[in-house]
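# Secondary and tertiary structure notes
Below are the chains, spelled out letter by letter.
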Amino acid sequence: DLAPELGGARGTRVMVEALLGRAGALFARGQLEPAQADLDRALELMRGAARPIEPEREAGVLRRLGEVMATRGDYPGGIERIEQAYRLAAAARSRGGAGGGAGALLEEQARAAITLVFQHFQRSDFALALGWGRRARRAVQRLDRQDLLGYLLNNLGLVYWATGRLAEAARAFSRRLA
């Protein structure tokens, strides 16, 4: 634990960043259990910090934790964490933003909604996937972020394809590549 070495709040922030970085590397290598443990620890540190961590950071950790949990097969728990991330970012935005501001919160909402499109696609719950797709589209349009639009279109294309809506799938995949 680096917190005592670096001193209080700064040490906590450094430790959280280290855990997030390591969790990302572990996830990329398929080491899901230690990745989840690092994300759980980061969340614990963030929530116990003397100085509150920005809500968009906490939402990002919840979203990533949900992705890891779902990848490990705990879809209900994973989806719940991702939905918590969405709600946290939405609530902070409705209070006028904090930390990195309304843009960072809206981005985290968009990322959570895009992730939920994919998670519900994975479970063949296409109605929920499309519902989250509508939420994600509104957020992405407000952000005007082509990278996020690409992820969303890819995920929606998968849903359309799986439900036999081939023309819509082709449009989504084509727009994704444009």
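Look up: the structure comes first, before these words.
First things first, this report covers the structure right here in the doc. (Residues numbered from 1 in each chain as written. Predicted model: local features only at pLDDT ≥ 70, side-chain atom pairs only at ≥ 80, totals over all residues. Heavy atoms only, no water.)

### Side note on a positive patch on the surface
Rule in force here: Patch rule: a residue counts if its relative accessible area is over 30% and it has no salt bridge; like charges are joined within 9 Å, and nonpolar side chains (Val, Leu, Ile, Met, Phe, Trp, Tyr) within 5 Å. Here the Shrake-Rupley method, with its probe set to 1.4 Å, supplies the accessible areas, and only the displayed protein chains count as covering residues. The term salt bridge refers to a pairing of a side-chain nitrogen on Lys or Arg with a carboxyl oxygen on Asp or Glu at a separation within 4 Å. Positive charges are assigned to Lys and Arg, negative charges to Asp and Glu, while His and the chain termini are left out of the count. Charged groups are reduced to one reference atom each: NZ for lysine, CZ for arginine, CG for aspartic acid, CD for glutamic acid. Only DSSP runs of H or I reaching four residues or more are called helices, and only runs of E reaching two or more are called strands; each is numbered from the N terminus.
Taken together, the side chains of R134, R135, R138 and R142 make up a positively charged region of the molecular surface. Tracing the sequence through the fold places R134 in helix 7 (residues 126-143).

### A word on the pattern of salt bridges
Operational definition: Relative accessibility thresholds used throughout: buried, under 20% of the residue-type maximum; exposed, over 50%; partly exposed, between the two (1.4 Å probe, protein chains only).
For the coordinates displayed, the defined rule picks out 13 salt bridges. Residue E108 is joined to R63 by a salt bridge in which the shortest nitrogen-to-oxygen separation is 2.4 Å. With a gap of 45 residues between them, E108 in helix 6 (residues 102-122) and R63 in helix 4 (residues 55-71) connect regions that are remote in the sequence. Each member of the pair, E108 as well as R63, carries the same accessibility label: buried. Ionic pairing is found between E168 and R165, a salt bridge with its closest N-O pair at 2.7 Å. When its relative accessible area of 31% is taken as the criterion, R165 is described as partly exposed. One salt-bridge network, in which partners are shared between bridges, spans E107, R111, R145 and D147.

Function cannot be read off these values alone, since they describe shape.
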